[in-house]
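Understanding the architecture of this molecule
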4 protein chains.
Amino acid sequence: MRKVQVAVLGATGMIGQRFVQLLEGHPYFEIGGLYASERSEGKTLGEVLRVKGVRFQDETLAMRIEALEPKAIARRCRLAFSGLPTEVAKDAEAALADAGVAVFSNAASHRMRADVPLLIPEVNPDHLELARSQATFPQGGFIVTNANCSTTGLAVPLKAVHAAFGLRACYVSTYQAVSGAGYPGVPSLDILGNVVPFIRNEEEKMEEEIHKMLGTYKGGRVEPAAFDMVASCARVPVLDGHLESVVLRLGREAAAAEVVEALETFRPEPQALGLPTAPLRPIIVRGEEDRPQPIADALAGEPERARGMAVSVGRVRERKGYIKLWVLSHNTLRGGAGGSVLNAELAKAKGLL
Amino acid sequence: MRKVQVAVLGATGMIGQRFVQLLEGHPYFEIGGLYASERSEGKTLGEVLRVKGVRFQDETLAMRIEALEPKAIARRCRLAFSGLPTEVAKDAEAALADAGVAVFSNAASHRMRADVPLLIPEVNPDHLELARSQATFPQGGFIVTNANCSTTGLAVPLKAVHAAFGLRACYVSTYQAVSGAGYPGVPSLDILGNVVPFIRNEEEKMEEEIHKMLGTYKGGRVEPAAFDMVASCARVPVLDGHLESVVLRLGREAAAAEVVEALETFRPEPQALGLPTAPLRPIIVRGEEDRPQPIADALAGEPERARGMAVSVGRVRERKGYIKLWVLSHNTLRGGAGGSVLNAELAKAKGLL
Amino acid sequence: MRKVQVAVLGATGMIGQRFVQLLEGHPYFEIGGLYASERSEGKTLGEVLRVKGVRFQDETLAMRIEALEPKAIARRCRLAFSGLPTEVAKDAEAALADAGVAVFSNAASHRMRADVPLLIPEVNPDHLELARSQATFPQGGFIVTNANCSTTGLAVPLKAVHAAFGLRACYVSTYQAVSGAGYPGVPSLDILGNVVPFIRNEEEKMEEEIHKMLGTYKGGRVEPAAFDMVASCARVPVLDGHLESVVLRLGREAAAAEVVEALETFRPEPQALGLPTAPLRPIIVRGEEDRPQPIADALAGEPERARGMAVSVGRVRERKGYIKLWVLSHNTLRGGAGGSVLNAELAKAKGLL
Amino acid sequence: MRKVQVAVLGATGMIGQRFVQLLEGHPYFEIGGLYASERSEGKTLGEVLRVKGVRFQDETLAMRIEALEPKAIARRCRLAFSGLPTEVAKDAEAALADAGVAVFSNAASHRMRADVPLLIPEVNPDHLELARSQATFPQGGFIVTNANCSTTGLAVPLKAVHAAFGLRACYVSTYQAVSGAGYPGVPSLDILGNVVPFIRNEEEKMEEEIHKMLGTYKGGRVEPAAFDMVASCARVPVLDGHLESVVLRLGREAAAAEVVEALETFRPEPQALGLPTAPLRPIIVRGEEDRPQPIADALAGEPERARGMAVSVGRVRERKGYIKLWVLSHNTLRGGAGGSVLNAELAKAKGLL
């Protein structure tokens, strides 16, 4: 079977390079081209490499960045993974969809559009149907977005809990890694030995996206879920892995052990379908008293291809009618490039590609 | 006026050395002796110095550590500041009180005793009266404790809010500095580039102490306050300064601006009394979008003697019936040695010494 | 005595703001204006503050940044402290000197000009005479530069050693703080939990400047010193304070104790003159086995006004004909703004202002 | 072929656990038992795990620690890998050798014994013959040690340079990771945002070991190499990977390009023999201007089994008769457990096992 040729947009950035990492040796997809702004045109990937400690094949490092030209891309690639910055993504992704390309985006620009699936395959695979309602579909292409990096890690266990017990409120405080801000991103003078209790637009995204994702798809539209969602976001001096402190008020009272069981037995569609980038266990519940931790658990997930795709949960405990727990996920894999690759795998499995 | 001779217990530890720092040149108190376990007996303070970047006078650094012997201490000192580890503190502090010493402790051992004031002068100065109910009072001495370091930073703004609007629930997640674990404390392998979502007994202390401190003193006892309190505690790679993400459900709905006003106009007793270690403004509300931050704000507080004693609050904002805000305070000054020194100043002002 | 009005150039940067810090309450100088590029024109200092954990007076924070216009500056200020980036400094500083302003610069642009003193008052105060040879002097102004931040910390003890024993070779490896790269400077993704063994042009500056500074002023020119100088420079995850590992081959063999004595008894001109920003002891030799360290010693220096101006030396030891030692100095105070302020104080004492 | 049963000594420590990691699926060796002090007896490896972010098989994590009893070990294991602390290692390793076990040790205790090979297979494979001269050989066992972690990374490129050009002097300053101090090791209060310019005995080890390793084996003994070696050692806030700034004075002058060629064409015995843990390229010369860096290069080495075993060299440059370069190697793999595993593989290839 010939592999689908895919474009990587924003290949000079952190997310773009994570796409490249995940696409090396991918069973369905093959990199057809690397694209970025004109400033980087002609440089090799090796010359603009940002992601450290990841091994790329020599031929991948030798690929040259091309300027982002939607029609030229459409001639070569059926699909595009977008790690573009938000301000560029909006128009570029729309133009690509017009030109017939299936766009799987990490950018926030189109996430809240009523006809765009804000998709996490473990959470709301049925929302993918929304793509069929887009104006450009099927002659042209379509846009599917992943969720914000900190929303994603939370949404997976929240879905399991929501399904099992219902949900009245979720209070979350984040401990977010610097790679979430891209490169050059956070200045070292701001974060060494420090915590910055502010990430622009992040709390708004978390508070907005979660209701759409946990919402019900019916009659061609998504009815948002209804529960209190209060998010506070901070940046910590960690390279990769967003940790989140979560307090829940469930729809019905449940013991911590019941919640653990609901999390551990959660087996959603990507795992049932055996998608290549889906981790065997989407949620790993840690039994230790001090886990999950970024440097220990950010890359959780089996098999090799799904490293960084599992969400780790730990310290599930009760407190007078509340459930407290900690969630950790890799922000540029599970919460970034990996999420979109999994979205594309689901789309392929469902016949949209 | 002759200064009160005071003992510093646990002078080889982080809190003990912060006591020493605050007592240099103190207008009421004078160091009568430095005490620690027998292991350090005879060493000079300079030889066991843990606190970095603080200037001590040469004569202070030359003082020798003595073994902790209650009766000998009582002969020399009217008052003791205790930075002892919890397991040692319980008996040693009781023995000192028996021997006639007024003990101002940073240890947790006696905090929840019904007859011991768990005291923050800005929060519950009237609770100091409990000291008079202790069996050893007045022939002997008494014990007054400060609160847990992360509880203290929270309690001050919570008091202002509680007084103004009432309180139905408080959800707090902490970002705690490593100095809170003492020395050697947190191994660098555990915390460099990492977050550890667990601090032993910390959540329990926060959830328990706050109700006692915000409680009502009446008829010789404290009636605990009643509101939901849910705490999640984590250690971050920061040297000094505990940051806390706080979500509140007030007794009556209030706009963020009203909350800010309540915080900024809060003028409790230590400020009215002009206690030497009381900051002019006990709560500093930051207007910037990304403050408070540990490296910028941990040492907030005027005048010089009160550096590290002000609590910084920032990003006060509303979210559908909730108030969100961030709190920062210096964990070994405001939340440690400074808190106990202020307690002793209050006791002196109230005639207990 | 009316204070000299001074301009601070580059007031939005790290060095510029250290100038402001040092000029608050300065006995000779008074800030006449804050200058930066047009982009920041009209903003207050408070709005562009980069330096964290330093207290500024409210009226200083309220000062507005003005666009850098040499003639306008010259009308108001007799003197300018320049924290401009190198590429801007060259022309702007020359224009200011033409317009009659005495420029004390932290930029590298004019350092190696034969008629410009590359000045550290403790090292080569006689080189200041070079300023009189500049074309613009005396009708116009003149330019005096400080040295590179990592060269400065090294030059002070090297001068003491050079004077006492002569010098055949100096091998130095640096551990440099991120504040040396300004703001935003080093991206956190590059330095968290990492070391970057490269700082552009830094080794070249160290290898070049040291010979000029330790050179002999005679007959209106400087004869460079002659010894092997080999520098290797790296950035480490430290906020402030450049640490340097130094290996010396002296002109004549000397025991470590002799070197320590030469360092401790070094009493150069600024201390003899009692310049306000000169530390009482220019070199502090630490006796501990593990000092100097950035977080403990970067702010060394007495009195209060000279904090961060003393150079700390430690672990002076012999190894088969070599002397090994460690040097630490504050890179934006001693090695930046403080150095230039001290230069201006020397110029005033010598009648150049 | 039945695998050799091996004991891992010190299995609760960082090096011990790296041994376990490398022995999982090893083609020659199989873990016969995990040993440590009595304090840990009976605990599973999972319960005492220190190394973070490494995947162990479930059955390995379930293995129980046994108390270190030489005769019992000798009955089960032909070979022991020792990650014991120095003070314990001396007697325990000697007792094991007496009991017939081939001990491959990471401890310093026996390194400088005239009859013990201080072995790096890429550097001095012929020194292994020394093992045959030990009193216990062949009836009993023998002891082979690896070198100090910071010496190892340096010795490999130094050997290549020494062989090609001769060597007159080596000046080295280290930037060492905290994992080198074991667990709990360096307190976070000492190293967060800091550099500690002292590691006990480290400079002495580097200055002593290098001459033995680069020495000539002849007539049953090692004649040490003769060149000036001056080492300065510091700890930096990095998890894994020792970086070293190296200045060389070669036996004959050579251009940087010649040195690079000597490094890149270096193909020593382990690579010729195809030992399983030998990296295909023992020295990787980086061409970028800012490499090697710990977070990017510590795990260099192909194939998968040799990750962390290659030494990275960068920024090879000339400076007036000197060669400057930077060296990086993984301190607990190449400079610790991996070094000893490679030593054992060489011993097997040479018929000593």
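**Some thoughts on the overall build of chain A**
- Within chain A, the regular secondary structure consists of 11 helices and 14 strands.
- Per-residue burial over chain A gives 60% buried out of 353 residues.

**Details of the sheet that holds strand S7 (residues 167-176) of chain A**
All names here are of chain A.
- The six strands are arranged S10-S7-S11-S14-S13-S12 in an open sheet whose pairing can be described as mixed. With one partner strand each, in any of the chains shown, strand S10 (228-235) and strand S12 (283-286) form the two edges of the open sheet. Taking the axes of each pair of neighbouring strands and ignoring which way they run, one obtains an average angle of 20° across the sheet.
- In terms of strand pairing, S7 meets S10 through eight bridges, oriented parallel. When the bridges of S10 are listed, Thr 174 appears paired with Cys 233.
- The strands that helix H5 (residues 149-165) touches are S7, S10, strand S11 (242-250), S12, strand S13 (311-319) and strand S14 (322-329); relative to S11, the one it contacts most, it runs at about 25°.
- Relative to S13, helix H8 (residues 256-264) is tilted by about 160°, and along the sheet it contacts S12, S13 and S14.

**Description of the relation of the copies chain C and chain B**
- Superposing chain C onto chain B takes a rotation of 180° plus a shift of 0.0 Å along the axis, which leaves an RMSD of 0.0 Å. When the rotation and shift are considered jointly, the pair of chain copies conforms to a two-fold rotation axis. Among all residues of chain C, the minimum C-alpha distance to the rotation axis is found for Gly 193 of chain C, at 3.1 Å.
- Mapped onto chain B, 100% of the interface residues of chain C are again interface residues, and the two copies thus contact each other with one and the same surface.

**Describing helix H5 (residues 149-165) of chain C**
All names here are of chain C.
- If you check H5, its first and last C-alpha atoms are 25 Å apart, about what 17 residues at 1.5 Å a residue would give, namely 24 Å.
- Residue Ala 155 marks the point of greatest curvature in H5, where the axis turns by about 30°; the proline Pro 157 follows within four residues.
- Most of H5 sits inside the fold, with 14 of its 17 residues counted as buried.
- One or two residues past the end of H5 sits Gly 166, with phi positive at roughly 75°.

**Section: the packing of helix H1 (residues 14-23) of chain A against helix H11 (residues 333-349) of chain A**
Residues and elements named next belong to chain A.
- As a packed pair, H1 and H11 sit with axes 9 Å apart at the nearest point and diverge in direction by 50°. Classified by the interaxial angle, the pair formed by H1 and H11 is oblique. At the point where H1 passes H11, the crossing takes the right-handed sense. Only Leu 333, Gly 336, Ala 337, Gly 338 and Val 341 of H11 make contact with H1, whose side of the interface consists of Ile 15, Arg 18, Phe 19 and Leu 22.
- Residue composition of the contact of H1 with H11, grouped by class: six nonpolar, two polar and one charged.

**Observations concerning the packing of H5 of chain C against helix H8 (residues 256-264) of chain C**
Residue and element names in this part refer to chain C.
- It is at 9 Å that the axes of H5 and H8 come closest, and there the two elements cross at 115°. Here H5 and H8 pass one another in a crossing that is right-handed. Along the contact surface, H5 presents Pro 157, Ala 160, Val 161 and Ala 164, while H8 presents Val 259, Ala 262 and Leu 263.
- Among the residues making up the contact of H5 with H8, the classes are represented as seven nonpolar, no polar and no charged.

**Description of the environment of Cys 233 of chain A**
Residue and element names in this part refer to chain A.
- Mapping Cys 233 onto the fold places it in strand S10.
- For Cys 233, a count of 26 C-beta atoms within 10 Å puts it in the buried group.
- Residues within four places of Cys 233 in sequence aside, it is in contact with Ser 150, Thr 174, Gln 176, Ile 199, Glu 202 and Glu 203.

**A look at the pairing of strand S1 (residues 4-9) of chain D**
Residues and elements named next belong to chain D.
- Pairing geometry for S1 and strand S2 (residues 29-36), over six bridges, is parallel. The residue of S2 that forms the bridge with Val 6 is Ile 31.
- In this region the chain leaves S1, passes through helix H1 (residues 14-23) and returns to the parallel neighbour S2; the handedness of that crossover is right-handed.

**What to know about the interface of chain A and chain B**
- Chain A puts 32 residues into the contact, and the matching count from chain B is 32 residues.
- Of all the elements in the fold, those that place two or more residues in the side of chain A that touches chain B are S7, S10, S11, helix H10 (294-297), S13 and S14 of chain A.
- Element by element, the count of residues in the side of chain A that touches chain B is highest for S10 of chain A, at four residues.
- Classifying every residue of the side of chain A that touches chain B gives 18 nonpolar, seven polar and seven charged.

**A word on the interface of chain C and chain B**
- On the chain B side, the residues contacting the seven residues of chain C number seven residues.
- Residue composition of the side of chain C that touches chain B, by class: four nonpolar, two polar and one charged.

**Some remarks on helix H4 (residues 86-98) of chain C**
Residue and element names in this part refer to chain C.
- Along its 13 residues, H4 runs 18 Å from first to last C-alpha, staying within 8% of the 18 Å computed at 1.5 Å per residue.
- Along H4, the residues that are buried comprise Ala 89, Ala 92, Glu 93, Leu 96 and Ala 97.
- Buried residues in H4 make contact with strand S1 (4-9), helix H3 (70-76), strand S4 (79-82), strand S5 (102-105) and strand S6 (142-145).
- Positive backbone phi, at 100°, marks Gly 100, one or two positions downstream of H4.

**Quick look at the sheet that holds strand S2 (residues 29-36) of chain B**
Residues and elements named next belong to chain B.
- A sheet is described by the order of its strands in space; here six strands give the open sequence S3-S2-S1-S4-S5-S6, paired in parallel fashion. Only two strands of the sheet have a single neighbouring strand rather than two, namely strand S3 (65-67) and strand S6 (142-145). Strand-to-strand twist of the sheet, defined as the mean angle between neighbouring strand axes without regard to direction, takes the value 30°.
- Relative to S6, strand S5 (residues 102-105) runs parallel, the two sharing four bridges. When the bridges of S6 are listed, Ala 102 appears paired with Phe 142.
- Sheet contacts for helix H11 (residues 333-349): strand S4 (79-82), S5 and S6; angle to S5, the most-contacted strand, approximately 145°.

**Observations regarding the domain arrangement of chain A**
All names here are of chain A.
- Domain annotation for chain A reports domain 1 (4-148 + 337-349) and domain 2 (149-331).
- With 31 residues of domain 1 at the contact, the number on the domain 2 side is 31 residues.
- Every element with two or more residues in the side of domain 1 that touches domain 2 is listed here: H1 and H11.
- In terms of residue count, H11 provides more of the side of domain 1 that touches domain 2 than any other element does, seven residues in total.
- Considering only residue class, the side of domain 1 that touches domain 2 consists of 16 nonpolar, nine polar and six charged.

**Things to note about unusual backbone geometry**
- A cis amide bond, omega 5°, links Tyr 183 of chain B with the succeeding residue Pro 184 of chain B.
- With respect to the secondary-structure elements, Pro 184 of chain B resides in the loop between strand S7 (167-176) and helix H6 (188-191).
- Cis geometry is adopted by the peptide bond preceding Pro 303 of chain D, which originates at Glu 302 of chain D and carries an omega value of -5°.
- Unusually for a residue other than glycine, Arg 315 of chain C sits at a positive phi of about 50°.
- Relative to the assigned elements, Arg 315 of chain C resides in strand S13 (residues 311-319).

**Observations regarding the environment of Ile 283 of chain C**
Residue and element names in this part refer to chain C.
- Position of Ile 283 relative to the elements: it lies in strand S12 (residues 283-286).
- Under the C-beta neighbour-count criterion, Ile 283 is labelled buried, with 25 such atoms within 10 Å.
- Measuring from C-alpha to C-alpha, the distance between Ile 283 and Val 156 comes to 7.6 Å, with 127 residues separating the pair along the chain.

The rules behind each value
Residues numbered from 1 in each chain as written. Chains lettered and ligands numbered in written order. Predicted model: local features only at pLDDT ≥ 70, side-chain atom pairs only at ≥ 80, totals over all residues. Helix = DSSP H or I, 4+ residues; strand = E, 2+ residues; numbered from the N terminus. Buried ≥ 20, exposed ≤ 12 C-beta atoms within 10 Å, placed from the backbone. Pairing = 2+ DSSP bridges. Axes fitted to C-alpha atoms, helices over the stretch in contact; angles between N-to-C directions. Contact = placed C-beta atoms within 7 Å. Least-squares fit on C-alpha atoms with pLDDT ≥ 70 in both. Expected span 1.5 Å × (residues − 1). Bend = angle between axes of the 7 residues up to and from the residue. Parallel < 35°, antiparallel > 145°, perpendicular 65-115°, else oblique. Left-handed = near helix turned anticlockwise from the far one by under 90°. Nonpolar A, V, L, I, M, F, W, Y, C, P; charged D, E, K, R; others polar. Right-handed = clockwise from strand over helix to strand, strands pointing away. Domains from an automatic or database assignment.

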